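Given next are the chains, with one letter for each unit.
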Amino acid sequence: MTEVKIPNHIMRLKSALLGCRYSLDGESLYSVKWYKDGHEIYRYVPRDKPPGQAFPLPGVNIDLRNSSDTQVMLRRVTLQSSGVYRCEVSGEAPAFNTVSESETMTVVVTPNHGPKITGGQPRYQIGDIVRVNCTSAPSKPVCHLSWLINGEPAQKQHLKQYDKIVMNRDGLEMARLGLEFRVRAFHFKNGDMKLKCVAKISSLYWQSNEESVESDRQQRAPALESRETVAAKSSTIGAAASRQPSHLISLLPAVLLLFGVVGSWSWPPECVGS
């Protein structure tokens, strides 16, 4: 066996080309056989007429016109087409030397939309707890999810893992990943904090969703309360100051009367002479 070439991942409804190359080292070819999960699906025997023959199996639709001793064409693969494919090459009698090699092929169904973020608030104060979830759309295989905070991967202790959800008879699956952490001052860049969720399937699919949350302006409320307190104290002092003149004003008639009496009083004549 010199080469077995089987796509590791292929999109649903696409055609898959399975390759099998070999060297006979002077022997004659007896047969080339293909198996899926241990079940024979294709056989090529040079002496047969026609030499190629396909065997029915769910998820396997072989294009005989484009299949030979070195390749097999699978048309419009489905989720049932996923599995382990093995090529087996045998030499002619009497030795019937046989070699084989296998690879796994996975049929991929990508999500029809990007991941969704739920549970977040538009604004957070320093000290608040962020609790959000990211959920992927149904796919096969299930998406791998990851969280980023301001472009940096979230720490493991802030992630909450959930079991995948199987959606329907097709076996499509949804992934969910939680993020929970306490907001610190460094989480805000110019007053904003960006939370991004990324969904991936190998190198075939990559999509993300990002939400931007603001620093709650109400965290400045204590400064406002202190100004209100100062204003309240000032008004109290003003009220006290306004009360003091009122006491003086109440004594003023008696003082004026006293001065009036003194002004109209005359000294006795004997005192004047002395």
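Quantities reported herein were computed from a predicted structural model and do not represent experimental measurements.

*Asks:* Hey, could you go over the sheet that holds strand β1 (residues 3-5) for me, with residue numbers and the actual values?
*Replies:* Across the sheet, which stays open at both edges, the 3 strands sit in the order β1-β3-β7 with antiparallel pairing between neighbours. Since the sheet does not close on itself, it has two edges, and those belong to β1 and β7 (71-74), each with one partner. Sheet twist, expressed as the average angle between the axes of neighbouring strands with direction ignored, equals 10°. With 3 bridges joining them, β1 and strand β3 (residues 16-21) adopt antiparallel strand pairing.

*Asks:* Before we move on, could you go through the packing of aromatic side chains and cite the residues and values that matter?
*Replies:* What the rule picks out here adds up to 1 aromatic pair. Of note, arginine 86 hangs over the ring of tyrosine 35, and the distance from its end group to the ring centre comes to 4.3 Å.

*Asks:* Break down the confidence of the model for the protein chain for me, citing the residues and quoting the values.
*Replies:* Overall, the predicted model of the protein chain reaches an average pLDDT of 83, with 79% of residues at or above 70. Below a pLDDT of 50 lies the segment residues 218-274, which in the model reaches 4 contacts outside its immediate sequence neighbourhood of four places, other chains included.

*Asks:* Outline the side chain of histidine 187, listing residues and values.
*Replies:* Considering the arrangement of structural elements, one finds histidine 187 in the loop between β18 (176-182) and β19 (192-201). Those residues in contact with histidine 187, other than ones at most four positions away along the chain, are Ile149, Asn150, Phe181, Arg182, Asp192 and Met193.

*Asks:* Break down the nonpolar core for me, with residues and values.
*Replies:* Generally speaking, nonpolar side chains in soluble globular proteins are found buried as a group. Core analysis: the largest hydrophobic core is formed by 24 residues, its most contacted members being Val130, Leu145, Trp147, Leu179, Phe181, Met193 and Leu195. Mapped by element, the contributors of at least two residues to this core are β12 (129-135), β13 (144-149), β18, β19 and β20 (205-215). Among the elements that make up this core, the one with the highest residue count is β19 (5 residues). Ignoring any residue separated from it by four or fewer positions in sequence, one finds leucine 195 in contact with Ile117, Val130, Trp147, Leu148, Ile149, Leu179, Phe181, Asn209, Glu210 and Glu211. Core analysis: the next-biggest nonpolar cluster, separate from the first, contains 23 residues, Ala16, Leu18, Leu74 and Val107 among them.

*Asks:* Can you lay out the environment of proline 111 for me, pointing to particular residues and giving the numbers?
*Replies:* Its location among the elements puts proline 111 in the loop between β9 (98-108) and β10 (116-118). Assessed through its relative accessible area of 9%, proline 111 is described here as buried. On a C-alpha basis, the gap between proline 111 and proline 141 in space is 10.0 Å, while along the polypeptide they are 30 residues apart.

Each value, and the rule that gives it
- Residues numbered from 1 in each chain as written.
- Predicted model: local features only at pLDDT ≥ 70, side-chain atom pairs only at ≥ 80, totals over all residues.
- Heavy atoms only, no water.
- Pairing = 2+ DSSP bridges.
- Helix = DSSP H or I, 4+ residues; strand = E, 2+ residues; numbered from the N terminus.
- Axes fitted to C-alpha atoms, helices over the stretch in contact; angles between N-to-C directions.
- Phe/Tyr/Trp six-rings, centres within 6.5 Å; stacked < 30°, edge-to-face > 60°.
- Lys NZ or Arg CZ within 6 Å of the ring centre and 35° of its normal.
- pLDDT = per-residue confidence, 0-100.
- Contact = heavy atoms within 4.5 Å.
- Core = buried A, V, L, I, M, F, W, Y, C linked by side-chain atoms within 4.5 Å.
- Buried < 20%, exposed > 50% of the residue type's maximum accessible area, 1.4 Å probe, protein only.

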